[in-house]
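Here's the letter readout for the chains.
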Amino acid sequence: QVQLVESGGGLVRPGGSLRLSCVASGSIFSIASMGWYRQAPGKERELVAVITNGGSTYVDSVKGRFTISRDNAKNTVHLQMNSLKPEDTAVYYCKLRRSIYEGNYWGQGTQVTVSS
């Protein structure tokens, strides 16, 4: 009942910046959390950042470089990524959880490639 559409991925040089956006639509009666995960080839999908009413959480490798934000009125979440490194290369997925009683909804993913 929830659809997530990501945008903003692309190719960037090391040290560059990208801003990812995710727009949610459908039966959004509430939002427990929204966040970003990433998956590189041969690796597990990992949490990058998540935002709730209680605050934001980041994986250690992106702290100080990435910032997650949310526009509640538009059901939109953003991920500002600065000082990008080659190890940030991955498919980035938006996720939404409506309540603690449900699992996550996932977007289709957007490719981020950091290469010199």
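Details of the structure are given in the entry above.
Given the structure is predicted, the values throughout are model-derived calculations rather than measurements. (Residues numbered from 1 in each chain as written. Predicted model: local features only at pLDDT ≥ 70, side-chain atom pairs only at ≥ 80, totals over all residues. Heavy atoms only, no water.)

Here we come to the overall build of the chain. The number of helices and strands found in the chain is zero helices and eleven strands. Seen in sequence order, the chain has helices and strands lined up from the N terminus as β-β-β-β-β-β-β-β-β-β-β. The C-alpha radius of gyration of the chain comes to 14 Å, within 12% of the 13 Å expected for a compact globule of 116 residues. Over its C-alpha atoms, taken along the principal directions, the chain stretches across nearly 45 × 25 × 25 Å. Put simply, the chain has 116 residues, and 41% of those count as buried. Within the chain, residue pairs in contact and separated by at least 24 positions form 56% of the contacts whose partners lie at least 6 positions apart. Accessible surface for the chain amounts to roughly 6000 Å². Of this, 49% is attributable to carbon and sulfur atoms. (Helix = DSSP H or I, 4+ residues; strand = E, 2+ residues; numbered from the N terminus. Rg over C-alpha atoms; globule rule 2.2 N^0.38 Å. Buried < 20%, exposed > 50% of the residue type's maximum accessible area, 1.4 Å probe, protein only. Contact = heavy atoms within 4.5 Å. Areas by Shrake-Rupley, 256 points an atom, 1.4 Å probe, with all protein chains shown as cover.)

This paragraph deals with unusual backbone geometry. Not every positive phi belongs to a glycine, and Asn-75 is a case in point at roughly 50°. Among the secondary structure elements, Asn-75 is positioned in the loop between β7 (66-71) and β8 (76-81). A positive phi is found at Ser-83, a non-glycine position, where the angle reads about 50°. Along the polypeptide, Ser-83 turns up in the loop between β8 and β9 (90-97). Relative accessible area serves as the criterion here: at 40%, Ser-83 is assigned to the partly exposed category.

It is worth spelling out the state of the cysteines at this point. If you walk through the whole model with that rule in mind, you get one disulfide. The disulfide that involves Cys-22 links it to Cys-94, with 2.1 Å between the sulfurs. Because the sign of the S-S torsion sets the handedness, a value of about -80° for the bond joining Cys-22 and Cys-94 places this disulfide among the left-handed ones. Of the two residues, Cys-22 is situated in strand β3 (residues 18-26) and Cys-94 in strand β9; the sequence distance between them amounts to 72 residues. In this pair, the class of Cys-22 matches that of Cys-94, namely buried. (Disulfide = S-S within 2.5 Å.)

That's the geometry; what it means functionally is another story.
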